[in-house]
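# Commentary on secondary and tertiary structure
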Amino acid sequence: MIKLTRIDDRLVHGQVAFTWTPALGADCLLIANDKVAKDEFMKMTLGLAKPAGTKLLIKSVKDAAVFLNDEKSKNAKVLILINSVKDAAALAAEVAEITTINFGGLRSKEGSKLISKAIAVNDDDITIIREMIAKGLELEVRQVPTDNKHLVASLI
């Protein structure tokens, strides 16, 4: 069962480990990222940041979709972590259970603009965001669970 799908370019860090994971009752963190899935050093580093007693899975976007769509995975309480709008859209397109995506943190990069204090998107991201909204996905911004939910549509 998917507890939350979160876009955060830091993937696993303090807010995820100490705030989101316990608030959601998540017992599995799933990182969906093609590059990280092939990088042993990043896997080790992210493994050190995960909360104790929580399983960490690091899969390509395609393999993450296979895992999430597998009936055997339905008992896990999964917090999905993705580091880009593009990958979030790709995963949501393959996993019907993903109906809401939380924007937690996207640092500023060349050509991007801030739409909230922790979310910077570029024109390509905005195009993808509009496509996801048109498909009926709820896109919301919250850094921590106690923040008020702000719809991305009102920020772009």
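Residues numbered from 1 in each chain as written. Predicted model: local features only at pLDDT ≥ 70, side-chain atom pairs only at ≥ 80, totals over all residues. Heavy atoms only, no water.

Applying the stated criterion across every chain yields a total of 8 salt bridges. For D8, the salt bridge identified is with R10, shortest N-O distance 3.5 Å. A residue is classified by how much of its surface remains accessible, and D8, at 1% relative accessible area, is buried. Between K43 and E40 there is a salt bridge, with the nearest N and O atoms lying 3.2 Å from each other. Highlighted residues: K43 and E40, both in helix α3 (residues 40-49), separated by 3 residues, approximately one helical turn. A residue is classified by how much of its surface remains accessible, and K43, at 24% relative accessible area, is partly exposed. Taking relative accessible area as the criterion, E40 reaches 57% and is therefore assigned exposed. (Salt bridge = Lys/Arg side-chain N within 4 Å of Asp/Glu carboxyl O. Buried < 20%, exposed > 50% of the residue type's maximum accessible area, 1.4 Å probe, protein only. Helix = DSSP H or I, 4+ residues; strand = E, 2+ residues; numbered from the N terminus.)

Working definition: the strands of a sheet are paired by backbone hydrogen bonds and lie parallel or antiparallel to each other. Within the open sheet, the 7 strands sit side by side as β3-β2-β4-β1-β5-β8-β9. Their pairing is mixed. Lying at the two open borders of the sheet, with one neighbouring strand each, are β3 (55-59) and β9 (150-151). Bridge count between strand β1 (residues 2-8) and strand β4 (residues 78-82): 5 bridges; the pairing is parallel. Directly across from I7, in β4, lies its bridge partner I82. Most of the contacts of helix α5 (residues 85-94) go to β4, to which it runs at about 135°, and overall it touches β1, β2 (28-32), β4 and β5 (100-105). (Pairing = 2+ DSSP bridges. Contact = heavy atoms within 4.5 Å. Axes fitted to C-alpha atoms, helices over the stretch in contact; angles between N-to-C directions.)

With that out of the way, let us pick up a nonpolar patch on the surface. Taken together, the side chains of F41, M44 and L48 make up a nonpolar region of the molecular surface, amounting to roughly 380 Å² of accessible area. Take F41: it is sitting in helix α3. (Patch = residues over 30% accessible without salt bridge, like charges linked within 9 Å, V, L, I, M, F, W, Y side chains within 5 Å. Areas by Shrake-Rupley, 256 points an atom, 1.4 Å probe, with all protein chains shown as cover.)

Once that is clear, we can look at unusual backbone geometry. One non-glycine residue, L11, adopts positive backbone phi at about 60°. Looking at the secondary structure, you find L11 in the loop between β1 and α1 (14-24).

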